Amino acid sequence: KHSDRVMFLCRPYLDAAREKFLLPAQKVFLAPNGTDINKIYFDGAERKKARKELGLGKSLTVGYIGGLGDEDTIGFCEESFPMLAKSHGAKVVFIISYEDTPSQREILAKMKEGLGKAGVEKSATFLFSMPFEKLYKYLSACDIGLVPYPNFEMNVVVAKAYDCVAAGLPIAVKAIGNNSEI
């Protein structure tokens, strides 16, 4: 109420906040969601280099970009990914925004524990705090983009989904509600 302007990343949140807090229209705005296609794109030459650097070979590779917390990265490491790794020889590259907080360390430890219990820890690569200008190289190395929200119906498409599409990747999400449209 006392701010000059309030930015929202999706229309449903903006509408709900305006109604709940009686925010005047001139104080709120919707930030365009998307990605910078001049910085995130597919590059075949960088794909070859990054796949060699990461030891991916010709394996089916799932790529995850983002933080640790709101996504179900632990469930992916314990359940979904081990099935892919064992049945298709898949690998996963986690490109994680990482500040080394206690909660991030705990989530990362649980992810690695899940991979270890399933015997697929060597099929996972972790890259931390990737500079944005290098992100396209490692996304180009992947075959599928992962958006692992467990029980979240995306009324708005998150930025990581746009980044994956810009890099030419199909997206894997849990198919509930609006997510089935993706």
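A look at the sheet that holds strand β6 (residues 144–146)
Point 1. If you trace the 5 strands from one edge of the open sheet to the other, you get β5-β4-β3-β6-β7, paired in parallel fashion. Edge positions in the sheet fall to β5 (124–128) and β7 (171–172), since each of these pairs with one other strand and no more.
Point 2. Bridge count between β6 and β7: 2 bridges; the pairing is parallel. Note that in β7 the partner of leucine 146 across the bridge is alanine 172.
Point 3. Those strands touched by helix α4 (residues 102–118) are β4 (91–96) and β5, and its axis lies near 165 degrees from that of β5.
Point 4. The sheet contacts of helix α6 (residues 159–166) involve β3 (61–66), β6 and β7, and relative to β3 the element is tilted by about 140 degrees.

Things to note about the pairing of β3
Point 1. Among the 6 residues of β3, 6 are classified as buried, and the element is accordingly described as predominantly covered.
Point 2. Here β3 shows a buried face lined by Thr61, Gly63 and Ile65 and a second buried face lined by Val62, Tyr64 and Gly66.
Point 3. Two strands pair when backbone bridges link them, and β3 and β4 are joined in this way by 6 bridges, in the parallel orientation. Residue pairing across strands places isoleucine 65 opposite isoleucine 95, the latter belonging to β4.
Point 4. The sheet contact formed by β3 and β6 spans 3 bridges and is parallel. If you follow tyrosine 64 over to β6, its bridge partner there is leucine 146.

With respect to the pattern of salt bridges
Point 1. Applying the stated criterion across every chain yields a total of 6 salt bridges.
Point 2. Across the pair arginine 51 and aspartate 143 runs a salt bridge whose closest N-O atoms are separated by 3.7 Å. One end of the pair, arginine 51, is in helix α2 (residues 44–54); the other, aspartate 143, is in the loop between α5 (135–140) and β6, and 92 residues separate them in sequence.
Point 3. Among the residues examined, arginine 51 registers a relative accessible area of 9% and is labelled buried.
Point 4. Take aspartate 143: its relative accessible area is 23%, and that puts it in the partly exposed class.
Point 5. Through salt bridges that share partners, Arg47, Arg51 and Asp143 make up one connected network.

Scoring rules and cut-offs
Residues numbered from 1 in each chain as written. Predicted model: local features only at pLDDT ≥ 70, side-chain atom pairs only at ≥ 80, totals over all residues. Heavy atoms only, no water. Pairing = 2+ DSSP bridges. Helix = DSSP H or I, 4+ residues; strand = E, 2+ residues; numbered from the N terminus. Contact = heavy atoms within 4.5 Å. Axes fitted to C-alpha atoms, helices over the stretch in contact; angles between N-to-C directions. Buried < 20%, exposed > 50% of the residue type's maximum accessible area, 1.4 Å probe, protein only. Salt bridge = Lys/Arg side-chain N within 4 Å of Asp/Glu carboxyl O.

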